[in-house]
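Overview (structure and organization)
Below, each chain spelled out in residue letters.
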Amino acid sequence: MTRRIDVTGTGGVSLAAWEFGDPPKTGDLPGDLTGGRTEPEAGEKPGGESGPGVLLLHGLMGRASHWAPTARWLSERHRAVALDQRGHGRSEKPEQAAYTREAYVEDAEAAIEQLGLAPVVLIGHAMGALTGWQLAAKRPDLVRGLIICDMRASALGAASQREWENWFKAWPLPFATLADVRKWFGEDDPWVERPNPSRGEFYAEVMHEGPDGWRPVFDPEQMLKTRETWVYDAHWEELTQVRCPTLVVRGLDGELGRAEAQEMVRVLPHGQYAEVADAGHLVHYDQPDAWRAAIEPFLDGFTD
């Protein structure tokens, strides 16, 4: 069962949060469109099982539904909620809204508080992972655990941002069909070294059909604006301020190299390391079973 819960982010931006597993039997959630019943306690599960609430944060250009398979198995023991961050998915995309690091962190903070998830385990991919560790550093009272998936702490620089600008220009928009989306992102995209069907599926998930064909649900200019708020800076100091247990996960063929990942673990006060073979940047999409095997033991440490 999929349920949408409305959250109000900083500056009044409307955000869509989602549960993809069966809802708790003790009652519906705040903001449920069918509304009205009592909110369950954070971590309260059917059948008496208990675990912390989990908030899942997608990466740049992602959406909450990318987490659906992970959220479904998490919901067996946790209240798992995935957030469409501002500018993404079904959340609002105001042109004049802030797309700063502070805005994304404050949105996640608002979601945790409005959904009653604290103290929460944050699971973030790429940009979502950076949001997670910045929030954990800012509000240690809200975060009991953190999983960082394939996000670098080092500055990526101006050349990286120019590459992204040129990449967006290379997209052959609009796509005539979703099959064309899957083929281009999975095979024809110049950033693809070898055919990658899961990458094609990932990008098909962020397309919607309009009068002239299929286009992304996000504004590419907003994505570039969002990215430039972190790409020029390193984020090592914020990692040192994360006091909760933290698992750094990388795909062996991802963007986060082993040396940098292990240095992140070293500077984290309570860092742990895991890697997933035969996976690239989209670890949870490329190898969902291995992704689960990598993070589940870490999560087991938080079960009451």
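Every chain begins its residue count from 1, and numbering advances along the sequence as written. With pLDDT at 70 or above as the cut-off, local features in this predicted model cover only qualifying residues; side-chain atom pairs require 80 or more to be listed or tallied, and sums for whole chains, interfaces and linings still use all residues. Side-chain numbers here rest on the full set of heavy atoms in the structure, without hydrogens or water.

**Considerations on the overall build of the protein chain**
For the purposes of this entry, the term helix denotes a DSSP run of H or I that reaches at least four residues, the term strand denotes a run of E that reaches at least two, and both are numbered from the N terminus. Across its full length, the protein chain carries 11 helices and 10 strands. C-alpha atoms define the radius of gyration, and 2.2 Å times the number of residues to the power 0.38 defines the globule rule. A compact globule built from 304 residues would reach a C-alpha radius of gyration of about 19 Å, and the protein chain, at 18 Å, matches this within 12%. Taking the principal axes of the C-alpha coordinates as reference, the protein chain spans close to 50 × 45 × 35 Å. In the protein chain, buried positions account for 54% of the 304 residues. What makes two residues a contact is simply this: any of their non-hydrogen atoms within 4.5 Å. Contacts in the protein chain between residues at least 24 apart in sequence constitute 70% of all its contacts with a sequence separation of at least 6. Only four residue types enter the charge count: Lys and Arg as positive, Asp and Glu as negative, with His and the chain ends excluded. Charge coordinates come from a single atom per side chain, which is NZ of Lys, CZ of Arg, CG of Asp or CD of Glu. On the protein chain, the mean spot of the 31 positive side-chain charges and the mean spot of the 48 negative ones are 0 Å from each other. Exposure is judged per residue with a 1.4 Å probe applied to protein chains only, and the accessible area is read against the type maximum: over 50% gives exposed, under 20% gives buried, and values in between give partly exposed.

**Describing unusual backbone geometry**
With an omega dihedral of -10°, the bond running from Ala 118 to Pro 119 counts as a cis peptide bond. Topologically, Pro 119 is positioned in the loop between helix H2 (101–115) and strand S5 (120–125). Leu 173 connects to Pro 174 through a cis peptide bond whose omega is -5°. For Asp 150, which is not a glycine, the phi torsion comes out positive at approximately 50°. Inspection of the secondary structure assignment puts Asp 150 in the loop between strand S6 (143–149) and helix H4 (157–170).

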